[in-house]
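Understanding the architecture of this molecule
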Amino acid sequence: MQQKRLALAMLAGLLGLAGAADTESDVVQLTKDTFDDFVKTNDLVLAEFFAPWCGHCKALAPEYEEAATTLKEKNIKLAKIDCTEEADLCKDHGVEGYPTLKVFKGLDNVSPYGGQRKAGAISSYMVKQSLPAVSTLDKDTLEDFKTADNVVVVAYTSADDKASTETFGKVAEELRNNYLFGAVTDAAVAEAEGVKAPAIVVYKSFDEGKNIYPGKKFDADEIKEFAKTAATPLIGEIGPETYADYMSAGLPLAYIFSETAEERAELSTAFKAIAEEFKGKVNFGTIDAKTFGAHAGNLNLKTDKFPSFAIQEVAKNQKFPFDQEKELTKENIAKFVKDFVGGKLEPSIKSEPIPESQDGPVTIVVAKNYDEIVLDEKKDVLVEFYAPWCGHCKALAPKYDDLGTQFAESEFKDKVVIAKVDATLNDVPDEIQGFPTIKLFTAGDKKNPITYEGARTVEDLMKFIGEKGTHKAVLSPKEEATEEAAPAATEEAEDVKEEPKKEAEDHDEL
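The shown structure was predicted, so the numbers you read here are calculated from the model rather than taken from an experiment.

Helix and strand counts for the chain come out as 17 helices and 24 strands. Split into buried and exposed, the 510 residues of the chain put 46% on the buried side. By sequence separation, contacts in the chain at least 24 residues apart represent 72% of the contacts at least 6 residues apart. Working note: accessible area of the chain is about 26800 Å², and carbon and sulfur atoms make up 49% of it.

Shown next as C-alpha coordinates:
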(Lines give C-alpha, C1' and ligand atoms only; values in the text may rest on other atoms or scores of the structure.)
Protein backbone atom coordinates (compact mmCIF):
# COMPACT_ATOMS: atom_id res chain seq x y z
CA MET A 1 0.00 0.00 0.00
CA GLN A 2 2.86 2.34 0.86
CA GLN A 3 4.47 1.68 -2.53
CA LYS A 4 1.15 2.43 -4.23
CA ARG A 5 0.85 5.72 -2.37
CA LEU A 6 4.43 6.59 -3.31
CA ALA A 7 3.74 5.80 -6.95
CA LEU A 8 0.63 7.98 -6.90
CA ALA A 9 2.58 10.79 -5.29
CA MET A 10 5.29 10.54 -7.94
CA LEU A 11 2.64 10.52 -10.67
CA ALA A 12 0.98 13.59 -9.16
CA GLY A 13 4.35 15.31 -9.03
CA LEU A 14 5.03 14.52 -12.67
CA LEU A 15 1.59 15.77 -13.66
CA GLY A 16 2.23 18.92 -11.66
CA LEU A 17 5.51 19.47 -13.49
CA ALA A 18 3.78 18.86 -16.81
CA GLY A 19 1.08 21.37 -15.89
CA ALA A 20 3.72 23.92 -14.93
CA ALA A 21 5.46 23.38 -18.25
CA ASP A 22 2.16 23.83 -20.10
CA THR A 23 1.50 27.14 -18.37
CA GLU A 24 5.05 28.47 -18.63
CA SER A 25 4.87 31.96 -20.07
CA ASP A 26 7.22 34.04 -22.16
CA VAL A 27 5.49 37.16 -20.80
CA VAL A 28 7.32 38.49 -17.75
CA GLN A 29 5.12 39.69 -14.89
CA LEU A 30 6.60 42.78 -13.25
CA THR A 31 6.09 44.55 -9.95
CA LYS A 32 7.10 47.95 -8.61
CA ASP A 33 10.28 46.35 -7.27
CA THR A 34 11.30 44.73 -10.57
CA PHE A 35 9.95 47.10 -13.24
CA ASP A 36 12.75 49.69 -13.44
CA ASP A 37 15.59 47.17 -13.51
CA PHE A 38 13.84 45.09 -16.17
CA VAL A 39 13.32 48.08 -18.45
CA LYS A 40 16.89 49.30 -17.89
CA THR A 41 18.46 45.93 -18.74
CA ASN A 42 16.42 45.29 -21.90
CA ASP A 43 16.72 47.48 -24.97
CA LEU A 44 13.10 47.11 -26.02
CA VAL A 45 10.08 46.20 -23.87
CA LEU A 46 6.35 46.15 -24.57
CA ALA A 47 4.48 46.44 -21.26
CA GLU A 48 0.80 45.67 -20.77
CA PHE A 49 -0.90 47.31 -17.81
CA PHE A 50 -3.98 45.19 -17.09
CA ALA A 51 -6.66 44.20 -14.60
CA PRO A 52 -7.73 40.56 -14.15
CA TRP A 53 -11.43 41.49 -14.39
CA CYS A 54 -11.02 43.33 -17.71
CA GLY A 55 -12.68 41.48 -20.59
CA HIS A 56 -10.47 43.09 -23.22
CA CYS A 57 -7.38 42.05 -21.24
CA LYS A 58 -8.62 38.46 -21.19
CA ALA A 59 -9.16 38.54 -24.95
CA LEU A 60 -5.67 39.97 -25.47
CA ALA A 61 -3.92 37.40 -23.23
CA PRO A 62 -3.46 34.50 -25.73
CA GLU A 63 -2.44 36.89 -28.52
CA TYR A 64 0.06 38.56 -26.20
CA GLU A 65 1.50 35.18 -25.17
CA GLU A 66 1.89 34.09 -28.79
CA ALA A 67 3.62 37.34 -29.70
CA ALA A 68 5.97 37.01 -26.72
CA THR A 69 7.03 33.55 -27.89
CA THR A 70 7.55 34.76 -31.46
CA LEU A 71 9.63 37.76 -30.35
CA LYS A 72 11.69 35.82 -27.81
CA GLU A 73 14.32 34.84 -30.38
CA LYS A 74 14.68 38.48 -31.40
CA ASN A 75 15.32 39.45 -27.77
CA ILE A 76 12.26 41.69 -27.66
CA LYS A 77 10.61 41.37 -24.26
CA LEU A 78 6.91 41.45 -23.45
CA ALA A 79 5.87 42.20 -19.88
CA LYS A 80 2.65 42.66 -17.95
CA ILE A 81 1.70 44.53 -14.79
CA ASP A 82 -1.40 43.72 -12.73
CA CYS A 83 -2.76 47.14 -11.80
CA THR A 84 -4.98 45.70 -9.06
CA GLU A 85 -1.77 44.64 -7.29
CA GLU A 86 0.54 47.43 -8.49
CA ALA A 87 -1.71 50.50 -8.31
CA ASP A 88 1.13 52.95 -7.58
CA LEU A 89 3.24 51.70 -10.50
CA CYS A 90 0.30 52.00 -12.89
CA LYS A 91 -0.48 55.47 -11.61
CA ASP A 92 3.15 56.51 -12.09
CA HIS A 93 2.86 55.55 -15.76
CA GLY A 94 -0.42 57.39 -16.34
CA VAL A 95 -2.60 54.32 -16.77
CA GLU A 96 -6.26 55.33 -17.01
CA GLY A 97 -7.78 52.40 -18.90
CA TYR A 98 -7.27 48.69 -19.41
CA PRO A 99 -5.46 47.31 -21.19
CA THR A 100 -2.84 50.01 -21.70
CA LEU A 101 0.19 49.00 -23.75
CA LYS A 102 3.39 51.05 -23.82
CA VAL A 103 6.69 50.64 -25.62
CA PHE A 104 9.80 51.24 -23.50
CA LYS A 105 13.25 51.94 -24.93
CA GLY A 106 14.61 52.73 -21.50
CA LEU A 107 12.75 54.52 -18.72
CA ASP A 108 12.91 57.92 -20.44
CA ASN A 109 11.85 56.83 -23.93
CA VAL A 110 8.23 55.70 -23.70
CA SER A 111 5.53 55.71 -26.36
CA PRO A 112 2.03 54.27 -26.62
CA TYR A 113 1.62 51.03 -28.55
CA GLY A 114 -0.14 51.88 -31.81
CA GLY A 115 -0.86 48.51 -33.38
CA GLN A 116 -3.70 46.02 -33.39
CA ARG A 117 -4.15 43.57 -30.52
CA LYS A 118 -3.39 40.43 -32.48
CA ALA A 119 -0.26 38.29 -32.20
CA GLY A 120 0.93 38.95 -35.74
CA ALA A 121 0.30 42.68 -35.48
CA ILE A 122 2.09 42.91 -32.12
CA SER A 123 5.11 41.04 -33.48
CA SER A 124 5.24 43.16 -36.64
CA TYR A 125 4.94 46.41 -34.69
CA MET A 126 7.67 45.51 -32.21
CA VAL A 127 10.08 44.34 -34.91
CA LYS A 128 9.67 47.75 -36.54
CA GLN A 129 10.44 49.37 -33.19
CA SER A 130 13.65 47.34 -32.90
CA LEU A 131 15.06 48.55 -36.21
CA PRO A 132 16.28 52.00 -37.23
CA ALA A 133 13.80 54.09 -39.19
CA VAL A 134 15.75 53.20 -42.34
CA SER A 135 17.83 50.00 -42.56
CA THR A 136 20.94 50.19 -44.75
CA LEU A 137 20.85 47.34 -47.27
CA ASP A 138 23.13 45.76 -49.84
CA LYS A 139 22.91 42.84 -52.28
CA ASP A 140 23.41 40.33 -49.45
CA THR A 141 20.69 41.67 -47.14
CA LEU A 142 18.07 42.95 -49.58
CA GLU A 143 16.38 39.61 -50.32
CA ASP A 144 15.70 38.80 -46.67
CA PHE A 145 14.52 42.35 -46.01
CA LYS A 146 12.01 42.21 -48.87
CA THR A 147 10.13 39.43 -47.06
CA ALA A 148 10.67 40.63 -43.48
CA ASP A 149 7.09 41.92 -43.30
CA ASN A 150 3.94 42.00 -45.42
CA VAL A 151 4.94 45.43 -46.73
CA VAL A 152 8.44 46.92 -46.95
CA VAL A 153 9.52 50.16 -48.63
CA VAL A 154 12.99 50.39 -50.19
CA ALA A 155 14.67 53.50 -51.61
CA TYR A 156 17.38 53.24 -54.24
CA THR A 157 19.54 56.37 -54.20
CA SER A 158 23.07 57.39 -55.05
CA ALA A 159 25.42 57.96 -52.13
CA ASP A 160 25.75 61.68 -52.88
CA ASP A 161 22.00 62.35 -53.28
CA LYS A 162 21.48 63.96 -49.88
CA ALA A 163 18.12 65.56 -50.77
CA SER A 164 16.45 62.26 -51.69
CA THR A 165 17.99 60.50 -48.69
CA GLU A 166 16.77 63.20 -46.32
CA THR A 167 13.23 63.22 -47.74
CA PHE A 168 12.97 59.44 -47.57
CA GLY A 169 14.33 59.46 -44.02
CA LYS A 170 11.66 61.92 -42.87
CA VAL A 171 8.88 59.78 -44.36
CA ALA A 172 10.37 56.67 -42.77
CA GLU A 173 10.50 58.31 -39.36
CA GLU A 174 6.86 59.37 -39.66
CA LEU A 175 5.60 55.98 -40.89
CA ARG A 176 8.01 53.66 -39.10
CA ASN A 177 5.15 52.09 -37.12
CA ASN A 178 3.37 51.19 -40.37
CA TYR A 179 6.07 49.80 -42.63
CA LEU A 180 9.68 48.64 -42.71
CA PHE A 181 11.98 51.04 -44.60
CA GLY A 182 15.31 50.22 -46.21
CA ALA A 183 17.82 52.03 -48.41
CA VAL A 184 20.25 50.85 -51.11
CA THR A 185 23.02 52.98 -52.65
CA ASP A 186 24.50 50.33 -54.97
CA ALA A 187 23.53 51.14 -58.58
CA ALA A 188 24.07 47.52 -59.64
CA VAL A 189 21.53 46.31 -57.09
CA ALA A 190 19.03 48.91 -58.29
CA GLU A 191 19.55 47.79 -61.88
CA ALA A 192 18.97 44.18 -60.89
CA GLU A 193 15.66 45.26 -59.37
CA GLY A 194 14.64 46.99 -62.59
CA VAL A 195 14.97 50.58 -61.36
CA LYS A 196 17.41 53.46 -61.57
CA ALA A 197 18.18 55.85 -58.71
CA PRO A 198 16.42 57.76 -57.34
CA ALA A 199 13.61 55.22 -57.05
CA ILE A 200 11.32 53.67 -54.45
CA VAL A 201 9.88 50.16 -54.54
CA VAL A 202 7.17 48.76 -52.26
CA TYR A 203 7.57 45.00 -51.89
CA LYS A 204 4.50 43.16 -50.59
CA SER A 205 3.30 39.62 -49.97
CA PHE A 206 0.04 40.04 -51.93
CA ASP A 207 -1.40 41.16 -55.28
CA GLU A 208 1.31 41.91 -57.85
CA GLY A 209 4.16 41.64 -55.32
CA LYS A 210 5.67 45.08 -55.80
CA ASN A 211 4.93 48.64 -56.91
CA ILE A 212 7.37 51.26 -58.22
CA TYR A 213 7.06 54.91 -57.18
CA PRO A 214 5.99 56.87 -60.30
CA GLY A 215 7.59 60.19 -59.37
CA LYS A 216 10.92 61.34 -60.81
CA LYS A 217 11.73 63.36 -57.70
CA PHE A 218 11.19 62.40 -54.06
CA ASP A 219 8.29 64.32 -52.53
CA ALA A 220 7.31 63.45 -48.96
CA ASP A 221 3.54 63.75 -49.41
CA GLU A 222 3.59 61.84 -52.67
CA ILE A 223 5.71 59.07 -51.14
CA LYS A 224 3.33 58.71 -48.20
CA GLU A 225 0.32 58.53 -50.51
CA PHE A 226 2.10 56.04 -52.77
CA ALA A 227 3.07 53.80 -49.84
CA LYS A 228 -0.44 53.86 -48.38
CA THR A 229 -2.03 52.98 -51.73
CA ALA A 230 0.51 50.29 -52.56
CA ALA A 231 0.19 48.72 -49.11
CA THR A 232 -3.58 48.30 -49.40
CA PRO A 233 -4.63 45.00 -51.02
CA LEU A 234 -6.56 45.40 -54.25
CA ILE A 235 -9.41 43.46 -52.67
CA GLY A 236 -8.50 42.64 -49.09
CA GLU A 237 -10.34 40.95 -46.26
CA ILE A 238 -12.23 43.13 -43.80
CA GLY A 239 -12.06 41.80 -40.24
CA PRO A 240 -10.90 42.64 -36.71
CA GLU A 241 -7.24 42.84 -37.74
CA THR A 242 -7.78 45.11 -40.76
CA TYR A 243 -10.88 47.18 -40.00
CA ALA A 244 -9.04 49.97 -38.16
CA ASP A 245 -6.48 50.22 -40.98
CA TYR A 246 -9.23 50.64 -43.56
CA MET A 247 -10.89 53.31 -41.42
CA SER A 248 -7.63 55.22 -40.93
CA ALA A 249 -6.77 55.02 -44.65
CA GLY A 250 -9.31 57.79 -45.26
CA LEU A 251 -10.52 56.41 -48.60
CA PRO A 252 -14.08 55.26 -49.23
CA LEU A 253 -14.43 51.55 -48.46
CA ALA A 254 -16.42 49.17 -50.67
CA TYR A 255 -17.72 46.13 -48.77
CA ILE A 256 -18.44 42.83 -50.52
CA PHE A 257 -20.58 40.77 -48.12
CA SER A 258 -20.85 37.02 -48.67
CA GLU A 259 -21.46 33.97 -46.50
CA THR A 260 -18.96 31.56 -48.08
CA ALA A 261 -15.25 31.77 -48.82
CA GLU A 262 -15.86 30.35 -52.29
CA GLU A 263 -18.35 33.04 -53.20
CA ARG A 264 -16.09 35.78 -51.79
CA ALA A 265 -13.28 34.48 -54.00
CA GLU A 266 -15.58 34.46 -57.05
CA LEU A 267 -16.78 38.01 -56.40
CA SER A 268 -13.20 39.19 -55.84
CA THR A 269 -12.23 37.81 -59.22
CA ALA A 270 -15.28 39.35 -60.87
CA PHE A 271 -14.65 42.80 -59.36
CA LYS A 272 -10.85 42.81 -59.67
CA ALA A 273 -10.83 45.02 -62.77
CA ILE A 274 -13.14 47.52 -61.02
CA ALA A 275 -10.85 47.65 -57.99
CA GLU A 276 -7.86 48.22 -60.28
CA GLU A 277 -9.63 51.04 -62.13
CA PHE A 278 -10.46 52.89 -58.92
CA LYS A 279 -7.36 52.03 -56.90
CA GLY A 280 -6.37 55.04 -54.81
CA LYS A 281 -9.95 56.35 -54.95
CA VAL A 282 -11.90 53.48 -53.37
CA ASN A 283 -10.64 50.58 -51.27
CA PHE A 284 -12.32 47.21 -51.77
CA GLY A 285 -12.69 44.37 -49.27
CA THR A 286 -14.62 41.17 -48.78
CA ILE A 287 -16.34 40.49 -45.46
CA ASP A 288 -17.62 37.23 -44.01
CA ALA A 289 -21.38 37.75 -43.74
CA LYS A 290 -21.84 34.70 -41.50
CA THR A 291 -19.48 36.13 -38.89
CA PHE A 292 -19.87 39.87 -39.38
CA GLY A 293 -23.27 40.09 -41.06
CA ALA A 294 -24.61 42.47 -38.42
CA HIS A 295 -22.23 45.12 -39.76
CA ALA A 296 -24.36 45.24 -42.92
CA GLY A 297 -27.01 46.99 -40.84
CA ASN A 298 -24.55 49.76 -40.05
CA LEU A 299 -24.32 50.37 -43.81
CA ASN A 300 -28.11 50.47 -44.20
CA LEU A 301 -28.23 47.03 -45.82
CA LYS A 302 -30.59 44.22 -44.85
CA THR A 303 -28.78 41.76 -42.59
CA ASP A 304 -30.48 38.65 -43.96
CA LYS A 305 -29.90 39.03 -47.70
CA PHE A 306 -26.45 38.15 -49.05
CA PRO A 307 -24.33 38.58 -51.08
CA SER A 308 -24.57 42.36 -50.88
CA PHE A 309 -22.48 45.43 -51.60
CA ALA A 310 -22.11 48.89 -50.09
CA ILE A 311 -19.68 51.80 -50.08
CA GLN A 312 -18.88 53.78 -46.95
CA GLU A 313 -17.53 57.30 -47.35
CA VAL A 314 -15.25 57.02 -44.34
CA ALA A 315 -14.35 60.71 -44.01
CA LYS A 316 -18.01 61.80 -43.83
CA ASN A 317 -19.41 58.51 -42.45
CA GLN A 318 -21.90 58.36 -45.32
CA LYS A 319 -23.37 55.07 -46.52
CA PHE A 320 -24.18 54.05 -50.11
CA PRO A 321 -25.86 50.62 -50.12
CA PHE A 322 -26.29 48.86 -53.47
CA ASP A 323 -29.90 47.86 -54.17
CA GLN A 324 -30.22 44.34 -52.72
CA GLU A 325 -32.94 43.47 -55.21
CA LYS A 326 -30.41 43.77 -58.02
CA GLU A 327 -27.85 41.13 -58.94
CA LEU A 328 -24.19 41.68 -58.05
CA THR A 329 -22.81 41.55 -61.58
CA LYS A 330 -19.58 43.10 -62.78
CA GLU A 331 -21.55 45.53 -64.96
CA ASN A 332 -23.91 46.63 -62.17
CA ILE A 333 -21.15 47.16 -59.62
CA ALA A 334 -18.88 48.94 -62.13
CA LYS A 335 -21.65 51.47 -62.86
CA PHE A 336 -22.45 51.87 -59.16
CA VAL A 337 -18.82 52.59 -58.22
CA LYS A 338 -18.35 54.91 -61.21
CA ASP A 339 -21.46 56.87 -60.23
CA PHE A 340 -20.24 57.06 -56.62
CA VAL A 341 -16.81 58.40 -57.61
CA GLY A 342 -18.52 60.84 -59.99
CA GLY A 343 -20.68 62.22 -57.19
CA LYS A 344 -23.91 61.02 -58.80
CA LEU A 345 -25.19 58.96 -55.85
CA GLU A 346 -27.11 60.27 -52.87
CA PRO A 347 -26.13 58.81 -49.49
CA SER A 348 -28.62 56.65 -47.66
CA ILE A 349 -29.70 58.35 -44.44
CA LYS A 350 -31.26 56.29 -41.68
CA SER A 351 -33.28 58.33 -39.21
CA GLU A 352 -35.96 58.00 -36.58
CA PRO A 353 -38.85 60.47 -36.88
CA ILE A 354 -38.22 63.92 -35.39
CA PRO A 355 -39.78 63.94 -31.90
CA GLU A 356 -43.05 65.85 -31.74
CA SER A 357 -41.89 67.47 -28.49
CA GLN A 358 -38.76 67.72 -26.35
CA ASP A 359 -40.22 67.47 -22.86
CA GLY A 360 -37.48 65.47 -21.15
CA PRO A 361 -34.30 66.78 -19.50
CA VAL A 362 -32.20 65.45 -22.38
CA THR A 363 -32.81 66.64 -25.96
CA ILE A 364 -33.47 63.78 -28.39
CA VAL A 365 -31.40 64.01 -31.57
CA VAL A 366 -32.15 62.04 -34.75
CA ALA A 367 -30.48 62.22 -38.15
CA LYS A 368 -33.16 64.56 -39.50
CA ASN A 369 -32.66 67.20 -36.78
CA TYR A 370 -28.96 66.61 -36.13
CA ASP A 371 -27.71 69.74 -37.88
CA GLU A 372 -30.40 71.92 -36.34
CA ILE A 373 -29.57 70.90 -32.77
CA VAL A 374 -25.95 69.75 -32.66
CA LEU A 375 -24.54 72.30 -35.10
CA ASP A 376 -26.31 75.32 -33.56
CA GLU A 377 -23.43 77.80 -33.58
CA LYS A 378 -24.79 79.69 -30.56
CA LYS A 379 -24.85 76.78 -28.14
CA ASP A 380 -22.48 74.33 -26.45
CA VAL A 381 -24.02 70.92 -27.15
CA LEU A 382 -23.00 67.79 -25.26
CA VAL A 383 -24.05 64.69 -27.20
CA GLU A 384 -24.15 61.10 -26.00
CA PHE A 385 -24.02 58.59 -28.86
CA TYR A 386 -25.61 55.46 -27.42
CA ALA A 387 -27.08 52.07 -28.26
CA PRO A 388 -30.21 50.68 -26.57
CA TRP A 389 -28.50 47.33 -25.88
CA CYS A 390 -25.38 48.91 -24.34
CA GLY A 391 -25.04 48.16 -20.63
CA HIS A 392 -22.74 51.12 -20.02
CA CYS A 393 -25.31 53.43 -21.64
CA LYS A 394 -28.05 52.10 -19.38
CA ALA A 395 -25.87 52.73 -16.32
CA LEU A 396 -25.20 56.29 -17.48
CA ALA A 397 -28.85 57.14 -18.27
CA PRO A 398 -30.03 58.37 -14.83
CA LYS A 399 -26.87 60.44 -14.35
CA TYR A 400 -27.21 61.94 -17.82
CA ASP A 401 -30.85 62.82 -17.11
CA ASP A 402 -29.73 64.47 -13.87
CA LEU A 403 -27.12 66.45 -15.80
CA GLY A 404 -29.76 67.60 -18.29
CA THR A 405 -32.13 68.62 -15.50
CA GLN A 406 -29.52 70.72 -13.72
CA PHE A 407 -28.60 72.65 -16.87
CA ALA A 408 -32.26 73.06 -17.84
CA GLU A 409 -32.91 74.71 -14.45
CA SER A 410 -29.81 76.94 -14.58
CA GLU A 411 -29.04 80.35 -16.06
CA PHE A 412 -27.31 78.53 -18.93
CA LYS A 413 -30.45 76.77 -20.16
CA ASP A 414 -30.38 78.75 -23.44
CA LYS A 415 -26.63 78.33 -23.95
CA VAL A 416 -25.98 74.66 -23.13
CA VAL A 417 -27.84 71.64 -24.54
CA ILE A 418 -27.56 68.14 -23.12
CA ALA A 419 -28.52 65.75 -25.95
CA LYS A 420 -28.39 62.10 -26.94
CA VAL A 421 -28.78 60.13 -30.17
CA ASP A 422 -29.40 56.43 -30.76
CA ALA A 423 -26.51 55.80 -33.15
CA THR A 424 -27.90 52.39 -34.14
CA LEU A 425 -31.04 53.94 -35.65
CA ASN A 426 -29.67 57.25 -36.92
CA ASP A 427 -26.84 58.05 -39.31
CA VAL A 428 -24.57 60.72 -37.88
CA PRO A 429 -21.56 62.45 -39.48
CA ASP A 430 -19.23 61.23 -36.75
CA GLU A 431 -17.61 57.78 -36.90
CA ILE A 432 -18.49 56.21 -33.55
CA GLN A 433 -16.32 53.26 -32.53
CA GLY A 434 -17.87 52.42 -29.17
CA PHE A 435 -20.77 53.12 -26.84
CA PRO A 436 -21.33 55.34 -25.09
CA THR A 437 -19.30 58.03 -26.87
CA ILE A 438 -19.74 61.54 -25.49
CA LYS A 439 -18.70 64.64 -27.45
CA LEU A 440 -18.93 68.36 -26.80
CA PHE A 441 -19.72 70.53 -29.83
CA THR A 442 -18.75 74.00 -28.71
CA ALA A 443 -20.41 77.22 -29.82
CA GLY A 444 -18.53 78.78 -32.71
CA ASP A 445 -16.44 75.67 -33.48
CA LYS A 446 -18.60 72.76 -34.57
CA LYS A 447 -15.94 71.19 -36.79
CA ASN A 448 -13.74 70.14 -33.88
CA PRO A 449 -15.86 68.36 -31.27
CA ILE A 450 -14.09 67.37 -28.04
CA THR A 451 -14.45 63.75 -26.98
CA TYR A 452 -15.11 63.24 -23.27
CA GLU A 453 -12.82 60.64 -21.68
CA GLY A 454 -13.33 61.22 -17.96
CA ALA A 455 -15.33 59.46 -15.27
CA ARG A 456 -19.05 59.25 -15.99
CA THR A 457 -20.32 61.22 -13.04
CA VAL A 458 -22.56 64.27 -13.10
CA GLU A 459 -19.89 66.35 -11.38
CA ASP A 460 -17.15 65.39 -13.87
CA LEU A 461 -19.38 65.92 -16.90
CA MET A 462 -20.43 69.28 -15.50
CA LYS A 463 -16.81 70.28 -14.96
CA PHE A 464 -15.95 69.21 -18.53
CA ILE A 465 -18.67 71.45 -20.00
CA GLY A 466 -17.59 74.37 -17.81
CA GLU A 467 -13.91 74.07 -18.75
CA LYS A 468 -14.15 73.15 -22.44
CA GLY A 469 -17.34 74.91 -23.52
CA THR A 470 -17.35 78.33 -25.15
CA HIS A 471 -19.82 79.71 -22.61
CA LYS A 472 -17.80 78.47 -19.57
CA ALA A 473 -21.04 77.27 -17.99
CA VAL A 474 -19.91 76.48 -14.47
CA LEU A 475 -22.53 74.98 -12.16
CA SER A 476 -22.35 73.79 -8.57
CA PRO A 477 -23.54 70.18 -8.78
CA LYS A 478 -26.27 68.92 -6.51
CA GLU A 479 -25.55 65.80 -4.50
CA GLU A 480 -25.26 62.93 -6.95
CA ALA A 481 -26.82 59.56 -6.25
CA THR A 482 -24.66 56.82 -7.68
CA GLU A 483 -24.90 53.08 -7.45
CA GLU A 484 -21.19 52.74 -6.85
CA ALA A 485 -18.01 54.77 -7.07
CA ALA A 486 -16.48 55.10 -10.50
CA PRO A 487 -13.43 52.82 -10.88
CA ALA A 488 -10.01 54.41 -11.11
CA ALA A 489 -9.57 52.93 -14.56
CA THR A 490 -11.91 51.26 -17.00
CA GLU A 491 -11.65 49.03 -20.00
CA GLU A 492 -10.29 51.01 -22.91
CA ALA A 493 -13.16 50.11 -25.25
CA GLU A 494 -16.50 49.12 -23.87
CA ASP A 495 -19.53 48.28 -26.00
CA VAL A 496 -18.42 48.37 -29.63
CA LYS A 497 -20.60 49.82 -32.32
CA GLU A 498 -20.17 47.13 -34.91
CA GLU A 499 -21.95 44.38 -33.02
CA PRO A 500 -25.23 44.70 -31.12
CA LYS A 501 -24.76 41.77 -28.76
CA LYS A 502 -28.44 41.32 -28.09
CA GLU A 503 -29.62 41.42 -31.67
CA ALA A 504 -26.79 39.52 -33.35
CA GLU A 505 -25.72 36.70 -31.09
CA ASP A 506 -24.47 34.60 -34.01
CA HIS A 507 -22.05 37.25 -35.23
CA ASP A 508 -18.75 38.61 -34.03
CA GLU A 509 -17.66 42.20 -33.86
CA LEU A 510 -15.18 43.94 -36.16
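Model confidence for the chain is summarised by a mean pLDDT of 88, while 89% of its residues fall at 70 or above. Low pLDDT, under 50, characterises residues 1–22; the stretch is placed with zero contacts to residues that sit more than four places away or in other chains. A low-confidence stretch, residues 480–488 (pLDDT under 50), is modelled with eight contacts involving residues beyond four sequence positions or located in other chains.

Before going further, it helps to examine the packing of helix α3 (residues 55–72) against helix α5 (residues 119–130). Here α3 crosses α5 at 45°, and the two axes come no closer than 8 Å. Relative to α5, the element α3 lies oblique. Two packed elements cross with a definite hand, and for α3 against α5 that hand is right-handed. Contacts between α3 and α5 involve Leu60, Glu63, Tyr64, Glu66, Ala67, Thr70 and Leu71 from the former and Ala119, Ile122, Ser123, Met126 and Val127 from the latter. Class assignment for the residues of the contact of α3 with α5 results in eight nonpolar, two polar and two charged.

Attention shifts here to unusual backbone geometry. Residue Pro198 is reached from Ala197 by a cis peptide bond, and omega for that bond is -5°. Residue position: Pro198 is located in the loop between α8 (187–192) and β10 (199–204). Here the bond from Phe306 into Pro307 is cis, since omega is 5°, no more than 30 degrees from zero. Of note, Pro307 is situated in the loop between α13 (295–298) and β15 (308–313). Positive phi, normally seen in glycine, also occurs at Asp207, with a value near 50°. Along the polypeptide, Asp207 turns up in the loop between β10 and β11 (210–212). Not every positive phi belongs to a glycine, and Asn317 is a case in point at roughly 55°. Inspection of the secondary structure assignment puts Asn317 in the loop between β15 and β16 (318–321). Residue classification places Asn317 among the buried residues on the basis of a relative accessible area of 4%.

Criteria and thresholds
- Along each chain, the written sequence defines residue order, and numbers are assigned to residues from 1.
- Restriction of local features to residues with pLDDT of at least 70 applies here, the model being predicted, together with a cutoff of 80 or more for giving and counting side-chain atom pairs; totals for whole chains, interfaces and linings are based on all residues.
- Processing note: side-chain calculations cover all non-hydrogen atoms of the structure and skip hydrogens and water entirely.
- Runs of E in the DSSP output that reach at least two residues are strands. Runs of H or I that reach at least four are helices, and both are numbered from the N terminus.
- Relative accessibility thresholds used throughout: buried, under 20% of the residue-type maximum; exposed, over 50%; partly exposed, between the two (1.4 Å probe, protein chains only).
- Whether two residues are in contact is decided by their heavy atoms, any of which lying within 4.5 Å being enough.
- Note on areas: Shrake-Rupley with a 1.4 Å probe; residue coverage comes only from the protein chains shown.
- As a per-residue measure, pLDDT tells how confident the predictor is, with possible values from 0 to 100.
- Axis definition: a line fitted to C-alpha atoms, limited for helices to the stretch in contact. Angles are taken between N-to-C directions and run from 0 to 180 degrees.
- Reported orientations rely on four angle classes, namely roughly parallel under 35 degrees, roughly antiparallel over 145, roughly perpendicular from 65 to 115, and oblique for the rest.
- Crossing handedness is read from the near helix: turned anticlockwise from the far helix by less than a right angle, it gives a left-handed crossing, and turned clockwise, a right-handed one.
- Think of it as three bins: nonpolar holds Ala, Val, Leu, Ile, Met, Phe, Trp, Tyr, Cys and Pro, charged holds Asp, Glu, Lys and Arg, and polar takes everything else, Gly as well.

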